[in-house]
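The primary structure of each chain is shown beneath.
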Amino acid sequence: MSVNDRPSGSPASQQPKPYESAFLKACRREPVPHTPVWFMRQAGRSLPEYLKVREGVAMLDSCMRPELVKEITLQPVRRHKVDAAIYFSDIVVPLKAIGIDLDIKPGIGPVVAEPIRTRADLARLRDLTPEDVWYVTEAIGMLTEELGTTPLIGFAGAPFTLASYLVEGGPSRNHEHTKALMYGDPQLWADLLDRLAEITSAFLKVQIEAGASAVQLFDSWVGALAPADYRRSVMPASAKVFSSVASYGVPRIHFGVGTGELLGLLGEAGADVVGVDWRVPLDEAARRVGPGKALQGNLDPAVLFAGPEAIEAKTAEVLAAAEGLEGHVFNLGHGVLPTTDPDTLTRLVASVHERTAR
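Residues numbered from 1 in each chain as written. Predicted model: local features only at pLDDT ≥ 70, side-chain atom pairs only at ≥ 80, totals over all residues. Heavy atoms only, no water.

- As recorded by an unreviewed UniProt entry, the chain carries the name Uroporphyrinogen decarboxylase and is attributed to Streptomyces inusitatus.
- Taken verbatim from the UniProt record of the chain, the Pathway (unreviewed entry) comment is "Porphyrin-containing compound metabolism; protoporphyrin-IX biosynthesis; coproporphyrinogen-III from 5-aminolevulinate: step 4/4."
- What the UniProt record of the chain gives under Subunit (unreviewed entry) is the line "Homodimer." (UniProt positions renumbered as here; feature names shortened; annotations may be inferred.)

Structure follows, in structure tokens:
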């Protein structure tokens with residue numbers, strides 16, 4: 001079956017095997033046998049088996065090798081017994097696929113050779129086609145066969161975060177070039193985000209049509225904005241992405257760091273599940289988001305360095321704050337830190353499962 005032949009919006013009886021998994025049930029706010037667990041950045045830097053298979057392979061190259069992507073994605077599922085896999089990739093992969101000159105520099109992050117800051121630069125952002133990312137379709141096809149009833153989460157970078165890398169030329173603490181463009185030329189900014197929304201939508205559709213059971217939109221840097229600026233200058237593009245994949249019927253997760261003041265807007269943009277970092281307790285997050293959404297989170301990743309008693313205590317706090325939520329997926333408040341002991345993550349998964357068994 002080609003990437004364009006897969007049916008969308010299939011009824012529950014025709015959904016793939018993972019449909020009845022605890023993770024997807026929680027995303028749909030249905031009763032679950034236990035609180036499902038997965039970790040952002042579970043596939044990667046903290047695992048010795050990951051470091052071994054990645055040895056000598058550049059990050060972006062590793063994202064374009066289907067067999068390697070399959071292996072890395074499966075590693076944390078095998079080791080930790082998490083309730084969902086997340087596709088191993090990077091948020092800049094679709095930009096690289098359409099010809100943007102960028103690289104991921106170790107210790108720095110994505111670096112763009114020629115930043116996009118003028119209207120003429122927009123021409124460099126062409127449409128993304130399934131053929132541009134054939135390796136994604138191939139890898140997800142292999143993964144879904146291996147995963148069986150374990151769901152696979154696809155993901156993409158949100159338009160604002162992609163724009164911030166493109167405009168700044170790399171990671172930025174203050175986002176001065178990004179905000180200068182947003183405030184100084186709002187029409188160019190809107191056109192840039194709209195173009196990125198089209199690219200992101202196409203990338204998510206490829207993943208869903210290949211077999212991903214849910215998708216997460218990472219807006220890593222959007223916490224740098226005030227709510228009014230987010231609503232006016234960013235939310236329309238994010239909403240366009242969520243709307244573009246609505247007909248597939250897969251859960252849509254929205255996550256950003258430092259977004260406590262934006263939680264309601266993140267849900268309003270179209271997410272089914274709102275990811276919460278560790279700064280806002282889940283019961284308060286639920287109040288800010290409002291009814292009709294599941295929540296994901298939100299143990300501080302640094303807690304995993306504090307020892308077993310502290311980890312158990314903080315885990316209990318998260319689960320207590322999640323009591324009574326319409327749906328809850330246990331996760332960290334951001335990604336797994338590189339020096340985290342993998343055995344700590346394995347024990348954490350087992351602990352959450354045991355504590356929440358119904």
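## A few points about the overall build of the chain
Part 1: In terms of helices and strands, the chain carries 15 helices and nine strands.
Part 2: Here the chain has a C-alpha radius of gyration of 19 Å; the compact-globule value for 358 residues is 21 Å, and the two agree.
Part 3: If you line up the chain on its principal axes, its C-alpha atoms span 55 × 45 × 40 Å.
Part 4: A burial count over the chain gives 57% of its 358 residues as buried.
Part 5: Long-range pairs, those at least 24 residues apart, make up 73% of the contacts in the chain between residues at least 6 apart in sequence.
Part 6: Working note: accessible area of the chain is about 14,600 Å², and carbon and sulfur atoms make up 51% of it.
Part 7: With 36 positive and 44 negative side-chain charges, the chain shows a separation of 1 Å between the mean positions of the two kinds. (Helix = DSSP H or I, 4+ residues; strand = E, 2+ residues; numbered from the N terminus. Rg over C-alpha atoms; globule rule 2.2 N^0.38 Å. Buried < 20%, exposed > 50% of the residue type's maximum accessible area, 1.4 Å probe, protein only. Contact = heavy atoms within 4.5 Å. Areas by Shrake-Rupley, 256 points an atom, 1.4 Å probe, with all protein chains shown as cover. Lys, Arg positive; Asp, Glu negative; His and termini not counted. Charge placed at Lys NZ, Arg CZ, Asp CG, Glu CD.)

## Let's talk about the pairing of strand E8 (residues 294-299)
Part 1: With six of six residues buried, E8 lies mostly within the body of the structure.
Part 2: As paired strands, strand E7 (residues 273-275) and E8 are joined by three bridges and run parallel to one another. Looking at E8, one finds that Val 273 is bridged to Ala 294.
Part 3: Handedness of the E7-helix H13 (residues 282-289)-E8 crossover: right-handed.
Part 4: As judged from the five bridges shared by E8 and strand E9 (residues 328-332), these two strands associate in the parallel manner. (Pairing = 2+ DSSP bridges. Right-handed = clockwise from strand over helix to strand, strands pointing away.)

## Re the confidence of the model for the chain
Part 1: Across the chain, the average pLDDT comes to 95, with 96% of residues at 70 or higher.
Part 2: The model gives residues 1-15 a pLDDT under 50, and that stretch makes 18 contacts with residues more than four places away or in other chains. (pLDDT = per-residue confidence, 0-100.)

## Examining the environment of His 328
Part 1: Relative to the elements of secondary structure, His 328 occurs in strand E9.
Part 2: Owing to a relative accessible area of 8%, His 328 belongs among the buried residues under this scheme.
Part 3: Excluding residues within four positions of it along the chain, His 328 makes contact with Ala 26, Thr 35, Pro 36, Leu 282, Leu 295, Gly 297, Val 318, Leu 319 and Ala 322.
Part 4: Engagement of the side chain of His 328 in a polar contact is seen with the backbone oxygen of Gly 297, the distance being 2.8 Å. (Polar contact = N/O pair within 3.5 Å; in protein donor to acceptor, adjacent residues only side chain to side chain.)

## So, the layout of surface pockets
One way to see where empty space is left: roll a probe the size of a water molecule over the atoms.
Part 1: Estimates place the volume of the largest pocket at around 1,200 Å³.
Part 2: Forming the walls of the largest pocket are 39 residues, and the residues nearest its centre are Arg 41, Arg 45, Met 59, Asp 90 and Ile 104.
Part 3: A total of three residues in the lining of the largest pocket trace back to one element, the largest contributor, which is helix H2 (residues 48-54).
Part 4: Looking at the lining of the largest pocket, its residues break down into 25 nonpolar, eight polar and six charged. (1 Å grid on protein atoms, 1.4 Å probe; cavity = no way out; pocket = protein on both sides within 12 Å on 5 of 7 lines; lining within 4 Å. Points joined across faces, edges and corners; volume = space filled by probe spheres on them. Nonpolar A, V, L, I, M, F, W, Y, C, P; charged D, E, K, R; others polar.)

## Some points on a negative patch on the surface
Part 1: Side chains of Asp 61, Asp 101, Asp 103 and Glu 114 sit close together on the surface and give a patch of like negative charge.
Part 2: Mapped onto the elements of the fold, Asp 61 is located in helix H3 (residues 59-62).
Part 3: Residue classification places Asp 61 among the partly exposed residues on the basis of a relative accessible area of 39%. (Patch = residues over 30% accessible without salt bridge, like charges linked within 9 Å, V, L, I, M, F, W, Y side chains within 5 Å. Salt bridge = Lys/Arg side-chain N within 4 Å of Asp/Glu carboxyl O.)

## With respect to the UniProt feature "domain: Uroporphyrinogen decarboxylase (URO-D)" (unreviewed entry) in the chain
Part 1: Mapped onto the present numbering, the UniProt feature "domain: Uroporphyrinogen decarboxylase (URO-D)" (unreviewed entry) falls on residues 36-45 and 153-169.
Part 2: From the first C-alpha to the last, residues 36-45 spans 22 Å; its make-up is 0% helix and 0% strand.
Part 3: The span residues 153-169 shows a helical share of 59% and a strand share of 29%, and its end C-alpha atoms are spaced 28 Å apart.

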